[in-house]
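This is what each chain is made of:
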Amino acid sequence: MREFLVGHYFYWFIFLLMAIGLAGIVLKKNLIKKVIGMSIFQVAIILFFVASSSKWDATVPILDPALGAADTSRYINPLPHCLMLTAIVVGVATSGVAFALIITIWRRYRTLDENELLEKLTHDPD
Amino acid sequence: MIPTNAPALIPLLYLFTGLLIPLAALRLRRLAYWLALAAAAVASAAALSNIFRVLEAGTLRYRFGGWPPPVGIEYVLDPLSAFLSAVINAVALVVLVHARRTVEADLPERKHVPYFALVMLMMSGFNGIVMTGDFFNLYVFLEICSLALYGLVAVGDRKSPVAAFRYLVLGMIGGCFYLLGVGFLYMSSGSLNMADMKAILAVVGARPEVIVALCFMILGFGIKMALFPLHGWLPDAYTYAPTATSSLIAPIGTKIGAYGLIRVLFFVFGLRFVTHTVPVAQVIAWLGAAGILYGSVMAMAQDELKRMLAFSSVAQVGYIGLGIGLANPLGLLGAVLHVLNHGLMKACLFLVAGNFRLQLGHSRIPALDAGTRRRMPWTSAAFTLAALSMIGLPPTVGFFSKWYLALGTIRNRSWVFLAVILVSSLLNAVYFFRVIERLYLRPAAGNDEGRDAADSVVRGEAAPSLLLPTLVLAASLIIIGLLNAVIVKGLLVRFLPPGLEITLP
Amino acid sequence: MSAPQAVPSLLPLLAVLVSLAAVPLILLSSRRPVLREAWTLAAAAAKFGLVLALLPGALAGRTAAVDLFDVVPGVRLALRADPLGVLFALVASGLWVLTSLYSIGYTRGLKEHKQTRYFAFFAVCLSATVGIAFAANLVTFILFYEILTIATYPLVIHKETAEAVSAGRKYLAFTLSAGVLLIAAAAWSFLLVGDLDFKPGGIFSGLTLAGKTAVPLFLLFLGGVGVKSAIMPLHSWLPTAMVAPTPVSALLHAVAVVKAGVFGLVRVAAFVFGPDLLCRYGLDTILIVLAVTTILAGSLLALRQDNLKRRLAYSTVSHLSYIVLGTALVSGPALVGALLHLAFHATMKITLFFCAGAIYVNLHRENVSELNGTGKVMPWTMAAFALGSLGLCGVPPLNGFLSKWFLGSAAVGTGRPLLAGVLILSGLLNAAYLLPIVQRSFFRRGSGLEGRGEASAWLVAPLVLTAVLSLVLGLFPGTLFRLAGQVAAGLFGS
């Protein structure tokens, strides 16, 4: 039990972040805060992968002449890191698109509050 | 070289074209459209030839960079992938023919080139998802097509940025859930290759992280597929997107999610896992059924044609979800055949809506009347045929989807699902006949009411480049309907995963 | 009893397609009414000719067969001109020729709008009807059945008034629901048996089907075919559909839709379930109860209608259940009676409807109460009406007597003399709601009829022909009798 809670402390942190992110997306009314929540959520998942690649007493996955290549348990797993590089880029692109949309919405509706937007949308002749 | 590279060619072709278009268009702006169309044509031809290749030679695999899986990324061309890529590319080709005029009408000139470039990226994404045999690669292409889609949706009507934003948020959540699922799977297995994962999962068994992975992946695909109740982004996105975008994503976009679901459920986790160990198939079936009813009922209440079609799509995705959730060969065949059938029907319907918008300026249902039909007789006829197909009238394609799904439900003794499928035909009839009645029976505001002399009517039918794709799709509804046995027996039966094989008479 | 041999031949396919081929020609002739009518008549004559060509084969036990491709895995799109199919097709195509002639007179007389749509969809309906007649298996049957449903819709709503549109909606609601039940039933059968070809004696004859499968399955089928057969309580679309132009009502009531319904019921009862299965689980009793209720209730409701076409509609509801009753009695003579009634009722009812239409075109009168004295003004029409009415009451030597006789004697023969009583009672009720019309028209003085004459020849000739046909068939039932006999022999042995 102790191992479950304390040993996996980082994962608990990650899930907390995810919850915060999701809560932000769902509960916050301001569009920018939603994007912030979205970013937090994405970062949490990235951290999840990174955390899963770490090992005790292991070093960065660059060949260390002193350690050699024979025992891979001395290096942390590089694959999730590579995957997450891609995921970070995806996150950046998504945030970029999100902000572009927010700018357009601001220009058209002069509000970034979800409730006000819904009001304006129902009255906006299409 | 070509045959072994076949699985990878199509996504790469689109990627290449997507990069080429902005460059070429610096020279001549009009090239953007024609390059896109050419790419779609080549891709369709390649996809169709892939089908024959797969039928002859079996599953083809391509390794990027020569690295063997699970170290490298592998592209797999099996009957399911071949079928789906053929559907995606062929429908996209027809829609792109239609798109030239609607894009010119809907979008300001400076946006045309980026628009077609984004379309190419989106198609690359779709094809990549369908071909890939690697989990993370699927995520990458999923995000490629999603990002392109957010952009494509956002350039529509006044309200489209809001719709696109909502789609973005929900889509991103879906993608992240999928990624989380991949993370859990990787943690339990150390592999990212789908075929490899299948073997490993057989050994690893039903550990908590595997079960959680499954659930997250289903959530992710469910959002992309717009499976009830994860469909919230769909109605607005389809309604406010420009005509060409709706016509591209409605027939194809949600099917990618369905494809992902089928791959993960039946080819990676396996039949026993999803029906006995963790009965998610049942849940998906119930959600599908709920979606069918919800979508049909909501469609009845809509006043705008595109919105009605959007809710109708939610219902149709429900059919696919139900077919998947039945977890028996007939249901799965029905679901996959419905990917094709619904693609054709919805593409035709959205093209009709596009024609109406272009010629009349709107596609509001209460404003349609017999005058519309007199001005646009062929478009109205195409609409009627597609509507009859959605209702499930033989020998159109819609009937056959329902036939297989009905067989699937009866095989499982799921009488409730059977009733849902049958009732939905009637609900479809209600909301489609609303439009048909208006088109054929509501007296036109103005003169020449009730006369069938054609010369007194001002013809306002859509231009040939708009009409031809619409009619081609409408005709295909009957032709493919009559050919459904060939398609099912010749191709689809081969894709069925282990545990779900069937020999058809 | 030797099994009929299937002879490959394109004739059934041609018979189905000939009127479909006429459709584009009709659509293209929208500016030239005469050409349009000519195409219709040509298609009708060709169709009837093709069906006639199939008659000798069917009588001799050589069924012309067409096997196209697989429409769903395991089921081919296939047509067979077996005796039952040829009987129905003969009735349908033969009466279409006369209905087309009549339609020409009717639409000209009323200067109807949208005639192109009318004639085009008429042609499609007849294609579908012959397709239903010759369908060799359940899926082909459903295919044409549903096409018939949709193709009749534009005809029902032809007048495009609010009433017509609402009648059309009701019609679709009933028929599409029925179609959906039929699809479910066929799918279920396919999973049980794997083969949906119609076989005399039933598809399920190889299996022992449990009651808890057979009864719900039968009820599904019954729902599917029962709507078009106007079995109560699924009948209410029919009187509402009377808002359609009279030739359409004649088509719906004598030729295509309702007879397709009872034809489907015969196929289901005899060629899907088979006599044994029907009797084993009391399915025949269900049918008998429904048939008797419909026969009597239909006639009683007919008495209360003042609108002539509605009265005839309820009369049709009642008479269709004669055929249901004959099927339910599960015996050779009963089936012969039922099939004869399928044909004979068609000729008699179509006569009555033609008369109703002629009266409407000529005098613009729709109600029974307005028909006083019409006999003086339209003697041919009302004489034909009288003949048709007498036939429906079962008076010899008209054909109605023959079919009723067979049904009645079959009822006695299978040990249910009460049902013969029901038939007699129904005959009396028929007299009660039909003969007073004759009496009014000939023996009462009418008003507002000065200077009026008989209706146009286009209208009168067909109705006289059908009335005479009813008489001739009553005296010389020959071919139809032999056809019906063939069907019964195939099912029950000679």
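Scroll up to find the structure.
These figures come from a predicted structure and were not determined experimentally.

(A) Structural context of the overall build of chain B. A count of helical and extended segments in chain B gives 20 helices and two strands. Expected size for 505 residues packed as a compact globule is a radius of gyration near 23 Å; at 22 Å, chain B falls within 12% of this value. In terms of its C-alpha atoms, chain B occupies a principal-axis envelope of roughly 75 × 60 × 45 Å. Across the 505 residues that make up chain B, the buried fraction comes to 67%. Long-range contacts, defined as pairs at least 24 residues apart, comprise 80% of the intrachain contacts of chain B with a sequence gap of at least 6.

(B) Spatial organisation of the overall build of chain A. On a plain count of helices and strands, chain A comes out with five helices and zero strands. The order of helices and strands in chain A, counted from the N terminus, is α-α-α-α-α. On C-alpha atoms alone, chain A measures out to a radius of gyration of 21 Å, which is more than a quarter above the 14 Å that the 2.2 N^0.38 rule sets for 126 residues. Counting only C-alpha atoms and orienting by the principal axes, one finds that chain A spans roughly 70 × 35 × 15 Å. Residue burial in chain A is summarised as follows: out of 126 residues, 33% are buried. Across chain A, contacts joining residues at least 24 apart in sequence account for 48% of those joining residues at least 6 apart. Between the centroid of the 11 positive side chains of chain A and the centroid of its 10 negative side chains there is a distance of 5 Å.

(C) Molecular detail of the pairing of strand β2 (residues 74-77) of chain B. Residues and elements named next belong to chain B. Because side chains alternate across β2, one face comprises the buried residues Glu74 and Val76, and the other comprises Tyr75 and Leu77, equally buried. Pairing analysis gives four bridges linking strand β1 (residues 60-63) to β2, with the strands arranged antiparallel. Bridge pairing in β2 places Leu60 opposite Leu77.

(D) Expanded view of the nonpolar core. Among the nonpolar cores identified, the biggest contains 423 residues, and B:Phe135, B:Phe266, B:Phe269, B:Trp403 and C:Phe273 are the most heavily contacted of them. Per element, the largest residue contribution to this core is 21 residues, and it comes from helix α13 (residues 332-363) of chain C. Setting aside anything within four residues of it in sequence, one finds B:Trp403 in contact with C:Val72, C:Val139, C:Ile183, C:Ala186, C:Ala187, C:Phe190 and C:Leu196. With ten residues, the next largest nonpolar core counts B:Ala289, B:Tyr319, B:Phe417 and B:Ile421 among its residues.

(E) Molecular detail of the interface of chain B and chain C. Tallying the contact residues gives 37 residues for chain B and 35 residues for chain C. Interface area, chain B with chain C, both sides summed: about 3,100 Å², of which 75% is carbon and sulfur. A per-residue breakdown of the area chain B buries against chain C is headed by B:Trp403, B:Glu437 and B:Leu441, which together make up 20% of the total. The tally of links between chain B and chain C comes to two salt bridges. Elements supplying a minimum of two residues to the side of chain B that touches chain C: α16 (377-391), α17 (397-411), α18 (415-441) and α20 (484-495) of chain B. For the side of chain B that touches chain C, the leading source of residues is α18(B), giving ten residues.

(F) Fine view of the pattern of salt bridges. What the rule picks out here adds up to 19 salt bridges over all chains. A salt bridge links B:Arg166 to B:Asp236; the nearest nitrogen and oxygen atoms lie 3.9 Å apart. With B:Arg166 in helix α6 (residues 160-189) and B:Asp236 in helix α9 (residues 234-240), this residue pair connects regions lying 70 residues apart in the sequence. What makes B:Arg166 partly exposed here is its relative accessible area of 42%. Across the salt bridge formed by C:Asp195 and C:Lys199, the nearest N and O atoms sit 2.8 Å from each other. The network of salt bridges with shared partners includes A:Lys29, A:Lys34 and A:Glu114.

(G) Quick look at the packing of helix α3 (residues 83-110) of chain C against α13(C). All names here are of chain C. Contact geometry for α3 and α13: axes closest at 11 Å, N-to-C directions at 0°. Between α3 and α13, the angle is such that the two are roughly parallel. Here Leu84, Leu87, Phe88, Val91, Leu95, Leu98, Thr99, Tyr102, Tyr106, Gly109 and Leu110 of α3 come into contact with α13, specifically with Leu339, Leu342, Ala343, Ala346, Thr347, Ile350, Phe353, Phe354, Gly357, Ala358, Tyr360 and Val361. When grouped by side-chain class, the residues that make up the contact of α3 with α13 number 19 nonpolar, four polar and no charged.

(H) Examining the pairing of strand β3 (residues 75-81) of chain C more closely. Residue and element names in this part refer to chain C. Here β3 lies mainly inside the structure; five of its seven residues are buried. Relative to β3, strand β2 (residues 62-72) runs antiparallel, the two sharing six bridges. Bridging across to β3, Asp67 finds its partner in Ala78.

(I) Molecular detail of the state of the cysteines. With the rule as written, the count across this model stands at zero disulfides over all chains. Take B:Cys145: it sits in no disulfide, and the sulfur closest to it among the cysteines is that of B:Cys176, at 14 Å. Using a relative accessible area of 3% as the deciding quantity, one classes B:Cys145 as buried. C:Cys355 supplies the cysteine sulfur nearest to C:Cys393, a cysteine that is in no disulfide, at a spacing of 14 Å.

(J) Geometry of a nonpolar patch on the surface. Residue and element names in this part refer to chain A. The grouping of Met1, Phe4, Leu5, Val6 and Trp12 at the surface amounts to a nonpolar patch, some 550 Å² of accessible area in total. Relative to the helices and strands, Met1 is located in the segment before α1 (2-7). Residue classification places Met1 among the exposed positions, given a relative accessible area of 72%.

(K) Geometry of the packing of aromatic side chains. Residue and element names in this part refer to chain A. According to the stated counting rule, one finds 46 aromatic pairs over all chains in the structure shown. Summarising the aromatic geometry, the rings of Tyr11 and Phe48 are spaced 5.8 Å apart at their centres and angled 75° between planes, so their arrangement reads as edge-to-face. Linking Tyr11 in helix α2 (residues 9-27) with Phe48 in helix α3 (residues 31-53), this pair joins segments that are 37 residues apart in sequence. Judged by its relative accessible area of 19%, Tyr11 is buried.

(L) Representation of helix α13 (residues 305-326) of chain B within the structure. Residues and elements named next belong to chain B. An ideal rise of 1.5 Å per residue puts 32 Å on 22 residues; α13 measures up with 31 Å between its terminal C-alpha atoms. The element α13 is extensively covered by neighbouring structure, given that 21 of its 22 residues are classed as buried. For α13, the N-terminal cap is Glu304; the gap from its side-chain oxygen to the backbone nitrogen of Lys306 is 3.1 Å. Immediately downstream of α13, the backbone of Ala327 shows phi near 55°, a positive value.

(M) Helix α12 (residues 308-328) of chain C, seen in detail. Residue and element names in this part refer to chain C. Given a rise of 1.5 Å per residue, 21 residues ought to cover 30 Å, and the 30 Å separating the end C-alpha atoms of α12 matches this to within 8%. Taking burial as the measure, the 21 residues of α12 include 20 buried ones, the bulk of the element. If you check the start of α12, you find a side-chain oxygen 2.9 Å away from the backbone N of Lys309, and it comes from Asn307. Count one or two residues on from α12 and you reach Val330, which has phi positive near 50°.

(N) The packing of helix α7 (residues 211-226) of chain C against helix α10 (residues 257-280) of chain C, seen in detail. All names here are of chain C. Closest axis-to-axis distance for the α7/α10 pair is 9 Å, and the angle between their directions is 165°. Taken together, the axes of α7 and α10 are roughly antiparallel relative to one another. Crossing geometry of α7 relative to α10 is assigned as left-handed. Facing Ala214, Leu217, Phe218, Phe221, Leu222 and Val225 of α7, the residues of α10 in contact are Gly261, Gly264, Leu265, Val268, Val272, Phe273 and Leu278. Grouping the amino acids of the contact of α7 with α10 by side-chain chemistry returns eleven nonpolar, two polar and no charged.

Calculation rules
- Residues numbered from 1 in each chain as written.
- Chains lettered and ligands numbered in written order.
- Predicted model: local features only at pLDDT ≥ 70, side-chain atom pairs only at ≥ 80, totals over all residues.
- Heavy atoms only, no water.
- Helix = DSSP H or I, 4+ residues; strand = E, 2+ residues; numbered from the N terminus.
- Rg over C-alpha atoms; globule rule 2.2 N^0.38 Å.
- Buried < 20%, exposed > 50% of the residue type's maximum accessible area, 1.4 Å probe, protein only.
- Contact = heavy atoms within 4.5 Å.
- Lys, Arg positive; Asp, Glu negative; His and termini not counted.
- Charge placed at Lys NZ, Arg CZ, Asp CG, Glu CD.
- Pairing = 2+ DSSP bridges.
- Core = buried A, V, L, I, M, F, W, Y, C linked by side-chain atoms within 4.5 Å.
- Buried area = accessible area lost by both parts, 1.4 Å probe.
- Salt bridge = Lys/Arg side-chain N within 4 Å of Asp/Glu carboxyl O.
- Axes fitted to C-alpha atoms, helices over the stretch in contact; angles between N-to-C directions.
- Parallel < 35°, antiparallel > 145°, perpendicular 65-115°, else oblique.
- Nonpolar A, V, L, I, M, F, W, Y, C, P; charged D, E, K, R; others polar.
- Disulfide = S-S within 2.5 Å.
- Patch = residues over 30% accessible without salt bridge, like charges linked within 9 Å, V, L, I, M, F, W, Y side chains within 5 Å.
- Areas by Shrake-Rupley, 256 points an atom, 1.4 Å probe, with all protein chains shown as cover.
- Phe/Tyr/Trp six-rings, centres within 6.5 Å; stacked < 30°, edge-to-face > 60°.
- Expected span 1.5 Å × (residues − 1).
- Polar contact = N/O pair within 3.5 Å; in protein donor to acceptor, adjacent residues only side chain to side chain.
- Left-handed = near helix turned anticlockwise from the far one by under 90°.

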